[in-house]
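# Coordinate analysis (summary)
Here are the chains, one letter per residue:
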Amino acid sequence: MPNPRLTGLGSGLFAGAAMFALGCLDQLLFGASLTVYGVLFLPVCALTGLWVRRGDLVTAPVVVPIAFAFGLLPVADGGGGLGGRAMGLATALATQAGWLYGGTLVTGLIATVRKVRLMSRRAAQRRAQQAAGQPRRRPV
């Protein structure tokens, strides 16, 4: 499995592009099934949480809801014009809020676990350096 490290912006672009592509694929293959779209959202959330850089962990739970909304554009049922499209998008967001919250929770949990592990690792390094009598180094 690849182990890319995406910046905050990169993770947003990845999630947005992946959800838009999956939304188009859902429209093509399944006739814009919102349930299929929601199920496909969960792995994108997990990958976004896993692939974001350590320094940008806080951005991961922020970008996935934006990607969810962006990916709904081809899936949302919108009749006549811009107003109809906006109403379809708002309706899809309201009716699929469970998937949106669930995916955001998945990303948030992954980012939180990664951050806690990072903090405990740094604390252990500091304790080891202090025990060895080495001067404290600033983490990068």
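Look a little higher up for the structure.
Fair warning: this is a prediction, and the values are worked out from it, not measured in the lab.

## Focus: the side chain of Thr 104
- Note that Thr 104 resides in helix 5 (residues 97-132).
- Looking at Thr 104, its side chain comes within polar contact range of the main-chain oxygen of Leu 100, at 2.8 Å.
- Beyond its immediate sequence surroundings of up to four residues, Thr 104 is in contact with Phe 41, Cys 45, Pro 61, Val 64 and Pro 65.

## Quick word on a positive patch on the surface
- A surface patch of positive charge is lined by Arg 5, Arg 54, Arg 117 and Arg 121.
- Summarising the element assignment, Arg 5 is placed in the segment before helix 1 (8-30).

## Some words on unusual backbone geometry
- One non-glycine residue, Ala 32, adopts positive backbone phi at about 65 degrees.
- Of note, Ala 32 is situated in the loop between helix 1 and helix 2 (34-51).

## Quick notes on the packing of helix 2 against helix 5
- At a minimum axis distance of 8 Å, the contact between helix 2 and helix 5 shows a crossing angle of 15 degrees. The angle between helix 2 and helix 5 falls in the class roughly parallel. Both helix 2 and helix 5 take part in a crossing whose hand is right-handed. Each of Thr 35, Gly 38, Val 39, Phe 41, Leu 42, Cys 45, Ala 46, Gly 49, Leu 50 and Trp 51 in helix 2 lies in contact with helix 5, whose residues at this interface are Trp 99, Leu 100, Gly 102, Gly 103, Thr 104, Val 106, Thr 107, Ile 110 and Arg 114.

## Quick look at the packing of helix 1 against helix 3 (residues 60-71)
- Where helix 1 contacts helix 3, the two axes come as close as 8 Å, and the packing angle between them is 30 degrees. What the angle tells us is that helix 1 and helix 3 run roughly parallel. Here helix 1 and helix 3 pass one another in a crossing that is right-handed. Residues Gly 8, Ser 11, Gly 12, Ala 15, Gly 16, Met 19, Phe 20 and Gly 23 of helix 1 pack against Val 63, Ala 67, Phe 70 and Gly 71 of helix 3.
- Here the residues of the contact of helix 1 with helix 3 sort into 6 nonpolar, 6 polar and no charged.

Conventions we followed
Residues numbered from 1 in each chain as written. Predicted model: local features only at pLDDT ≥ 70, side-chain atom pairs only at ≥ 80, totals over all residues. Heavy atoms only, no water. Helix = DSSP H or I, 4+ residues; strand = E, 2+ residues; numbered from the N terminus. Polar contact = N/O pair within 3.5 Å; in protein donor to acceptor, adjacent residues only side chain to side chain. Contact = heavy atoms within 4.5 Å. Patch = residues over 30% accessible without salt bridge, like charges linked within 9 Å, V, L, I, M, F, W, Y side chains within 5 Å. Areas by Shrake-Rupley, 256 points an atom, 1.4 Å probe, with all protein chains shown as cover. Salt bridge = Lys/Arg side-chain N within 4 Å of Asp/Glu carboxyl O. Lys, Arg positive; Asp, Glu negative; His and termini not counted. Charge placed at Lys NZ, Arg CZ, Asp CG, Glu CD. Axes fitted to C-alpha atoms, helices over the stretch in contact; angles between N-to-C directions. Parallel < 35°, antiparallel > 145°, perpendicular 65-115°, else oblique. Left-handed = near helix turned anticlockwise from the far one by under 90°. Nonpolar A, V, L, I, M, F, W, Y, C, P; charged D, E, K, R; others polar.

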